[in-house]
Amino acid sequence: GAGASRGAAAAASSERPIEPEQKSASTGGSMTATAETVPPPPPINDLSWKVVAQMYACGTLASAILGIVHYFDAAEPLRGAWVIFAPFCPSLLYALWRHRQQRAVKCKES
């Protein structure tokens, strides 16, 4: 009840925000904790659809292997596990299509 809320209020009031002029302990006090000292993130390169297609191909292969195991009843605990990886097949087709588009654009640029 009231004791818990007083304890939380006391803990909140004892915390104080970090001042911008305060020295950073992790850098030995050589840098101040301001927004100017944090470098901007590097620019993000274009997504390589070839790599995405390769990852989806691994998932599709896993689905095919588990589907074969399911079909031949080779391992009871893996029965139906192919369904987990089934969405990789249409995703692979989409990634291959996007990779083909990306490659065509790069050929036009060069």
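Our subject is the structure listed above.
Let us look at the structure shown here.

1. Topic: the side chain of T60
Right, on to step 1. With respect to the helices, strands and loops of the structure, T60 is situated in helix 2 (residues 49–71).
Right, on to step 2. Residue classification places T60 among the buried positions, given a relative accessible area of 18%.
Right, on to step 3. Residues in contact with T60, not counting those within four places in the same chain, are F88, C89 and L92.

2. What to know about unusual backbone geometry
Right, on to step 1. The backbone phi angle of D73 is positive, close to 50°, even though this residue is not glycine.
Right, on to step 2. Here D73 is to be found in the loop between helix 2 and helix 3 (82–85).
Right, on to step 3. A relative accessible area of 46% means that D73 is categorised as partly exposed.

3. Focus: helix 2
Right, on to step 1. With 23 residues, helix 2 extends 32 Å between its outermost C-alpha atoms, agreeing within 8% with the 33 Å of an ideal straight helix rising 1.5 Å per residue.
Right, on to step 2. Regarding helix 2, the residues found buried are W49, V52, A53, G59, T60, S63, L66 and V69.
Right, on to step 3. Along its buried surface, helix 2 packs onto helix 3 and helix 4 (88–109).
Right, on to step 4. Backbone geometry just after helix 2 places D73 at a positive phi near 50°.

4. A few points about helix 4
Right, on to step 1. With 22 residues, helix 4 extends 31 Å from end C-alpha to end C-alpha; this agrees with the ideal 32 Å at 1.5 Å per step.
Right, on to step 2. L92, A95, H99 and Q102 are the residues of helix 4 that are buried. Across the axial projection of helix 4, the buried residues extend over an arc of 90°, all falling on one side. Residues of helix 4 that are exposed and angled more than 90 degrees away from the buried face: P90, L93, R100 and K108.
Right, on to step 3. At its buried positions, helix 4 is contacted by helix 2.

Quick notes on the rules
- Residues numbered from 1 in each chain as written.
- Predicted model: local features only at pLDDT ≥ 70, side-chain atom pairs only at ≥ 80, totals over all residues.
- Heavy atoms only, no water.
- Helix = DSSP H or I, 4+ residues; strand = E, 2+ residues; numbered from the N terminus.
- Buried < 20%, exposed > 50% of the residue type's maximum accessible area, 1.4 Å probe, protein only.
- Contact = heavy atoms within 4.5 Å.
- Expected span 1.5 Å × (residues − 1).
- Arc of directions from axis to C-beta.

So yeah, pure geometry; function would need other evidence.
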